[in-house]
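Observations on chain architecture
The residues making up each chain are set out below.
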Amino acid sequence: MAPRGRRSHVQRWRTTMSETQLQDHQRSKTEIIKLPSEERQREAALRERFASFWATATGDRRAVYDAFISGSPLTSDVTLEAVDEAGVRGFFIRPQQAEPKRAILYLHGGGYVLGSAKAYRGFVSQIVSRTKIPALVIDYPLAPEASLPAAPDAARTASLFLIAKGFDRIAIVGDSAGGGLTLVTLAGLIGKPAGPAPVAGVVFSPWVDLSFTGASMTDPGIVDPLLGHDYLQDCARKVVGAHSPSDPLASPLFGDLKGLPPLLIQVGTDERLLDDSRQYADRATKAGVPVELQIFEGMHHVFQLDVAHLETSRNALDRAARFLRDAFDRG
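Residues numbered from 1 in each chain as written. Predicted model: local features only at pLDDT ≥ 70, side-chain atom pairs only at ≥ 80, totals over all residues. Heavy atoms only, no water.

Brief notes about the overall build of the protein chain
For the protein chain, the count of helices and strands is 10 helices and 9 strands. Relative to the compact-globule value of 20 Å for 331 residues, the protein chain shows a C-alpha radius of gyration of 18 Å, a close match. The burial tally for the protein chain puts 56% of its 331 residues in the buried class. Surface exposure of the protein chain reaches about 13300 Å², of which carbon and sulfur atoms provide 51%. (Helix = DSSP H or I, 4+ residues; strand = E, 2+ residues; numbered from the N terminus. Rg over C-alpha atoms; globule rule 2.2 N^0.38 Å. Buried < 20%, exposed > 50% of the residue type's maximum accessible area, 1.4 Å probe, protein only. Areas by Shrake-Rupley, 256 points an atom, 1.4 Å probe, with all protein chains shown as cover.)

And the structure:
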C-alpha cells in the first residue's frame, strides 16, 4: 500500500505541541530525519511487498512471522553459537574480533505473542557487525501460553547470565514489544541491581503503553502498513494476564525511570507506536535520563529490519551502532 499523509502529520505534531512539551522535546535531543525522494519510492515499493506477503501468507502464524523477520540478511563476519543453559535459550552472535567483557542483550519483537531468537539472528548480526560487540538474542516465553511476568523474568535471567559469563559492560537492545521489554528490564536492573548497571539501552519502535493512551494509535493521518490497533489490543490482552495494562511490567511508560542509563529511541512517523516513543522520551527526560529520540519521516514500524532494501534502515543502524559504541566507551 502506498504511504500517505507523512509531511502533514509531522507538521501537525510540531504545531500542536505546547511550550512545555516543546522544551522537553528539545531537552530530549529529538531529531527528525527527512526522507529523500528516491527513498520514498523504495519505501512505497517495499510496502507493496509487505501487502503481497501478508495477503498470501498461510500456515502457522509464528512460522509466517519468523519467515518475514528472517528477511534481514545474516552478515558474513559473525559466528553463531546456540545457547541453552541456566534457563537461557537463544544464540550468541559474535564478531570476528571483539573487545573483552562487552555484550549486548537483544530482546525481539512480535507483540509478545510471536518471534524467536532464530528468526532475529540476521537482524542482530547487522548490529554486531556495526558495533563489533557480541550479542545474545534470547527466546522468552510467549503469550498466550505465558503471561506476565514471564517475559521480564526471562530477560532479567539472561542479563544475569551474561554477568555470570564475565561480561561487566552490557547494553540492552530491542524492537517493538522487545523494545518495551528492554525498558522494563533496564528499570528492573536499576531498581534491584544484581551486578554492573547496564551502560545503555537502544529501542526501535518500542511498545511502552499497553493501556493505549497515545493519540497515534487511532490517528487517521498515520498509515501503518504493519500494525493495527485491534491487533495490538489482542496482543495486550494475551500478555497482561492478571496484571493491569498500566502495570510498569506491562507498560514501562508508567514505571520509575530515574537512574536509567542513556537511551536511544528510533521510530517512524508512519506507525501506531509513534506516540509511545514520544511519550516515553518525554517522561524519561523529565526523570533526568539522557535520551536521544530519532524520528524518521515516512518510515514504517521497525523499518531497521529492512536493511537490504532501504538506505534509511542502514543509516538508522549506523546511528544506533555509534550510540552503543560511545556508551560502551564511556562505561
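Notes on the pattern of salt bridges
Inspection of the entire model under this criterion finds 20 salt bridges. In this structure, Glu-99 engages Arg-325 in a salt bridge whose closest nitrogen and oxygen atoms are separated by 2.8 Å. Placement of Glu-99 in the loop between strand 3 (88-95) and strand 4 (102-107) and of Arg-325 in helix 10 (residues 311-330) is noted, with a sequence separation of 226 residues between them. One salt bridge connects Arg-278 with Asp-275, and the closest N-O pair in it is separated by 2.3 Å. (Salt bridge = Lys/Arg side-chain N within 4 Å of Asp/Glu carboxyl O.)

Focus on the sheet that holds strand 9 (residues 291-296)
If you walk across this open sheet you meet the 9 strands as 1-9-8-7-6-4-5-3-2, and the pairing is mixed. Among the strands making up the open sheet, the edge pair consists of strand 1 (30-33) and strand 2 (78-85). When strand polarity is set aside, the average angle formed by the axes of neighbouring strands in this sheet is 20°. Pairing between strand 2 and strand 3: 8 bridges, direction antiparallel. (Pairing = 2+ DSSP bridges. Axes fitted to C-alpha atoms, helices over the stretch in contact; angles between N-to-C directions.)

Notes on helix 6 (residues 150-164)
Taking 1.5 Å per residue as the helical rise, helix 6 with its 15 residues ought to reach 21 Å, and the 21 Å between its terminal C-alpha atoms agrees with that figure. Every buried residue of helix 6 is accounted for by Ala-151, Pro-152, Ala-154, Ala-155, Ala-158, Ser-159, Phe-161 and Leu-162. Downstream of helix 6 by a residue or two, Gly-166 has a phi angle that is positive, lying close to 100°. (Expected span 1.5 Å × (residues − 1).)

A few points about the packing of aromatic side chains
Within this structure, the stated rule accounts for 12 aromatic pairs. For the ring pair Phe-53 and Phe-68, a centre distance of 5.3 Å and an interplane angle of 50° mean the geometry is tilted. Remark: Phe-68 occurs in helix 4 (residues 61-69) and Phe-53 occurs in helix 3 (residues 37-56); sequence separation between them is 15 residues. Residue class for Phe-53 comes out partly exposed when judged on its relative accessible area of 27%. Aromatic pair Tyr-106 and Tyr-120: ring centres 6.0 Å apart, planes at 35°, arrangement tilted. One end of the pair, Tyr-106, is in strand 4; the other, Tyr-120, is in the loop between strand 4 and helix 5 (121-131), with 14 residues separating them in the sequence. (Phe/Tyr/Trp six-rings, centres within 6.5 Å; stacked < 30°, edge-to-face > 60°.)

A look at the confidence of the model for the protein chain
Regions with low pLDDT should not have their predicted coordinates read in detail. Taken as a whole, the protein chain shows an average pLDDT of 92; of its residues, 92% reach a score of 70 or greater. This stretch, residues 1-17, has a pLDDT under 50; its non-local contacts, to residues over four places away or in other chains, come to 43 contacts. (pLDDT = per-residue confidence, 0-100. Contact = heavy atoms within 4.5 Å.)

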